[in-house]
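# Observations on the three-dimensional arrangement
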Amino acid sequence: EIEFFLRKNGAQALSFDTICVSGERTSLPHGVPTDKVMEIGDLITMDFGCVVDGYCSDMTRTVCLGKAGSEERELYEIVLAAQLLACRSAVPGMSCFDLDKKVRDFIGDAGYGPCFGHGLGHGVGLEIHEAPTLNTRTKDVLKENMVITLEPGIYVPNQFGIRIEDLAFVSDS
């Protein structure tokens, strides 16, 4: 359905194979879909993107089928706040390491540091993964007009995970 919608609205192709996982499989940052039937109360993580005019996109949403529990809602709010912090902080000249650290520290201060096991993001353009890289090992620096993903997540092992990912345009304003 996602691919049909994207193509119907102008996409030439998918940027990558769509990921849609539910329940415990959301605790895997890049979980592989199975034939698991979704159940009421399951979190569902959808990671997808398309190509328009030769440029890639990438986004992730985590939603709940039915009503989310209090722990799931609390962690969702932490991830959303972490992503908004990243959006406000991503400016030209900032070290990608420092941006990743700022968001990682925020999640750590909320008590979930070990549950954020991947980098904050990456560049996107003609390829789905381009420079810069935003993680704990990078030496990259943000430059004006870069397009990057900002995708913090919290993954509680063998329970559930939440990731919110959007593209961001790096600018001074």
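My aim in this report is to walk through the structure given alongside it, one point at a time.

Reading the values: the criteria
- Residues numbered from 1 in each chain as written.
- Predicted model: local features only at pLDDT ≥ 70, side-chain atom pairs only at ≥ 80, totals over all residues.
- Heavy atoms only, no water.
- Helix = DSSP H or I, 4+ residues; strand = E, 2+ residues; numbered from the N terminus.
- Expected span 1.5 Å × (residues − 1).
- Buried < 20%, exposed > 50% of the residue type's maximum accessible area, 1.4 Å probe, protein only.
- Arc of directions from axis to C-beta.
- Contact = heavy atoms within 4.5 Å.
- Polar contact = N/O pair within 3.5 Å; in protein donor to acceptor, adjacent residues only side chain to side chain.

## Topic: helix α3 (residues 96-109)
- Taking 1.5 Å of rise per residue, the 14 residues of α3 would be expected to cover 20 Å, and the 20 Å separating its terminal C-alpha atoms lies within 8% of that figure.
- Buried within α3 are the following residues: C96, L99, D100, V103, R104 and I107. When α3 is viewed along its axis, its buried side chains cluster within an angular range of 125° and face the same direction.
- Summarising the contacts, the buried residues of α3 are in contact with α2 (70-89), β8 (130-134), β9 (147-150) and β10 (153-156).
- In this structure S95 caps α3, since a side-chain oxygen of it lies 3.2 Å from the backbone nitrogen of F97.

## A few points about the environment of N158
- When you line up the elements, N158 lands in the loop between β10 and β11 (160-163).
- When its relative accessible area of 58% is taken as the criterion, N158 is described as exposed.
- Spatially, the C-alpha atoms of N158 and M59 are 23 Å apart, while their sequence positions differ by 99 residues.
- Residue contacts for N158: discarding those within four places in its chain leaves E24 and S27.

Shape descriptors only; they carry no functional weight alone.
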